[in-house]
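In case you want the letters, here they are:
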Amino acid sequence: MRKAFEMVERDGGGHLVGRIYPGTSINFEAFSVPESWAQLVSGAESGLARLTEEDFETFVVGEQSEQVAILKRQGDLTHAHVLIDGYFDGWPSENTQPLQVSASNADHPRDPNPWQPITDAVDLKHLGKLAEELGECTSAVSRCIIQGVDEREPMTKKLNREWLEDEIADVLASIELVIDHFKLNSMKIIERAEKKERFLQQWHAQA
Ligand SMILES: [Mg+2]
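Quantities reported herein were computed from a predicted structural model and do not represent experimental measurements.

Participant: Explain the pattern of salt bridges here, please?
Facilitator: Oppositely charged side chains may form a pair once their charged atoms are brought near each other. Under the criterion given, the structure shown has nine salt bridges. Where Asp76 meets Arg50, a salt bridge forms, and the shortest distance between an N and an O atom there is 2.8 Å. Placement of the pair is Asp76 in the loop between helix 5 (64-73) and helix 6 (78-88) and Arg50 in the loop between helix 3 (41-49) and helix 4 (53-61), with a sequence separation of 26 residues. Judged by relative accessible area, which is 56%, Arg50 ranks as exposed. Arg161 is the partner of Asp150 in a salt bridge, and the nearest nitrogen-oxygen pair spans 2.7 Å. Of the two residues, Asp150 is situated in the loop between helix 7 (121-147) and helix 8 (160-181) and Arg161 in helix 8; the sequence distance between them amounts to 11 residues.

Participant: I keep staring at the domain arrangement of the protein chain and nothing clicks. Help me out?
Facilitator: A common way to report how large an interface is uses the accessible area buried once the components associate. The domains assigned to the protein chain are domain 1 (2-88) and domain 2 (121-205). Summarising the inter-unit geometry, the C-alpha centres of domain 1 and domain 2 are found 34 Å apart. Taken together, the contact between domain 1 and domain 2 spans eight residues of the former and six residues of the latter. Of the roughly 620 Å² buried at the junction of domain 1 and domain 2 (both faces included), carbon and sulfur atoms supply 53%. Interface area lost by domain 1 to domain 2 is led by Gln64, Val68 and Asp85, which between them contribute 56%. Our enumeration of links across domain 1 and domain 2 arrives at zero salt bridges. At the surface where domain 1 touches domain 2, the tally comes to two residue pairs in polar contact (both at pLDDT 80 or more).

Participant: Help me understand the coordination of the magnesium ion, please; the structure alone is not making it clear to me.
Facilitator: Metal coordination angles have textbook ideals: 109.5 degrees for a tetrahedral set of four donors and 90 or 180 degrees for an octahedral set of six. Only Glu133 (OE), Glu136 (OE), Glu167 (OE) and Asp170 (OD) from the protein coordinate the magnesium ion, and they sit 2.0 to 2.3 Å from it. Motif for the magnesium ion, donor spacing along one chain: E-x2-E-x30-E-x2-D. On the criterion of helical spacing, the pair formed by Glu167 and Asp170 is a turn pair, its members being three residues apart in helix 8.

Participant: Can you help me understand the side chain of Glu9 in this one?
Facilitator: Among the secondary structure elements, Glu9 is positioned in helix 1 (residues 2-11). Here Glu9 sits buried without a salt bridge, and the closest side chain of opposite charge, Arg10, lies 9.2 Å off (N-O distance). Not counting the four nearest positions on each side in its chain, Glu9 is found in contact with Gly14, His15, Ile26, Phe28, Phe31 and Tyr87.

Participant: What is the right way to look at the packing of helix 7 against helix 8 in this model?
Facilitator: For any two helices packed against each other, one specifies the crossing angle of their axes together with the interaxial distance. The geometry of helix 7 relative to helix 8 is characterised by a closest axis approach of 8 Å and an angle of 155° between their N-to-C directions. One element, helix 7, and the other, helix 8, form an angle in the roughly antiparallel class. Considering how the two elements wind past one another, helix 7 and helix 8 form a crossing that is left-handed. Broken down by class, the residue content of the contact of helix 7 with helix 8 amounts to 15 nonpolar, six polar and seven charged.

Participant: Sorry if this is basic, but what is going on with unusual backbone geometry here?
Facilitator: Peptide bonds are mostly trans, and most non-glycine residues show a negative phi. You will see that Lys157, though not glycine, has its phi angle at about 65°, which is positive. Relative to the helices and strands, Lys157 is located in the loop between helix 7 and helix 8. Not every positive phi belongs to a glycine, and Lys183 is a case in point at roughly 50°. With respect to the helices, strands and loops of the structure, Lys183 is situated in the loop between helix 8 and helix 9 (186-205).

Participant: Help me understand helix 9 in this model?
Facilitator: Structural remark: α-helix, 3.6 residues per turn; residues separated by three or four positions point the same way. Taking 1.5 Å per residue, 20 residues should reach 28 Å; helix 9 reaches 28 Å between its end C-alpha atoms and fits that length. If you check the start of helix 9, you find a side-chain oxygen 3.2 Å away from the backbone N of Met187, and it comes from Asn185.

What counts, and where the lines are drawn
- Residues numbered from 1 in each chain as written.
- Predicted model: local features only at pLDDT ≥ 70, side-chain atom pairs only at ≥ 80, totals over all residues.
- Heavy atoms only, no water.
- Salt bridge = Lys/Arg side-chain N within 4 Å of Asp/Glu carboxyl O.
- Helix = DSSP H or I, 4+ residues; strand = E, 2+ residues; numbered from the N terminus.
- Buried < 20%, exposed > 50% of the residue type's maximum accessible area, 1.4 Å probe, protein only.
- Domains from an automatic or database assignment.
- Contact = heavy atoms within 4.5 Å.
- Buried area = accessible area lost by both parts, 1.4 Å probe.
- Polar contact = N/O pair within 3.5 Å; in protein donor to acceptor, adjacent residues only side chain to side chain.
- Donors = N, O, S within 2.8 Å, 3.2 Å for Na, K, Ca; no water.
- Lys, Arg positive; Asp, Glu negative; His and termini not counted.
- Axes fitted to C-alpha atoms, helices over the stretch in contact; angles between N-to-C directions.
- Parallel < 35°, antiparallel > 145°, perpendicular 65-115°, else oblique.
- Left-handed = near helix turned anticlockwise from the far one by under 90°.
- Nonpolar A, V, L, I, M, F, W, Y, C, P; charged D, E, K, R; others polar.
- Expected span 1.5 Å × (residues − 1).

The following block contains the structure:
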């Protein structure tokens with residue numbers, strides 16, 4: 001992994017940092033990985049170790065389509081890919097650690113939780129509508145799965161494709177309103193969505 005991170009840095013001009021910002025430099029001898037990503041390192045290293053020198057370079061700093069081709073050819077590179085992406089993106093998802101599952105169950109209930117439901121009418125309207133639209137979109141997606149995107153609702157004859165489009169539009173509208181109303185960090189949402197999209201595209205390419 002050290003060699004991979006070094007390659008990412010050199011590819012991005014990291015070895016020139018001292019010329020642009022005198023007194024600053026990158027330590028190419030050691031790189032650190034956040035704690036929540038550390039469990040990926042050994043699997044990543046064994047995957048990378050099997051690559052030829054040429055494939056290693058392509059996998060680390062090459063074109064995305066070539067990286068996907070290598071991923072498909074050699075199945076044990078997923079952890080390496082996640083780590084390289086994480087390093088490249090500045091470890092943006094440190095908070096996506098596995099949930100700690102508590103040992104409580106119905107036989108040994110915990111103390112009653114002090115949470116209180118929200119009561120503000122406008123908050124409720126925003127979140128309630130988003131929940132409702134998500135449910136409607138789930139129904140449309142389910143119909144497309146069990147019947148087909150280009151089939152029609154038996155009674156109304158409405159195309160499933162059009163229903164799906166309508167419900168996606170409703171969800172998007174509600175999401176926009178919730179982001180605005182609760183002042184959610186839209187840049188963070190967009191960055192995470194883009195990263196998720198890249199991962200899913202690679203998954204789809206493995207079909
Ligand atoms: Mg709707």
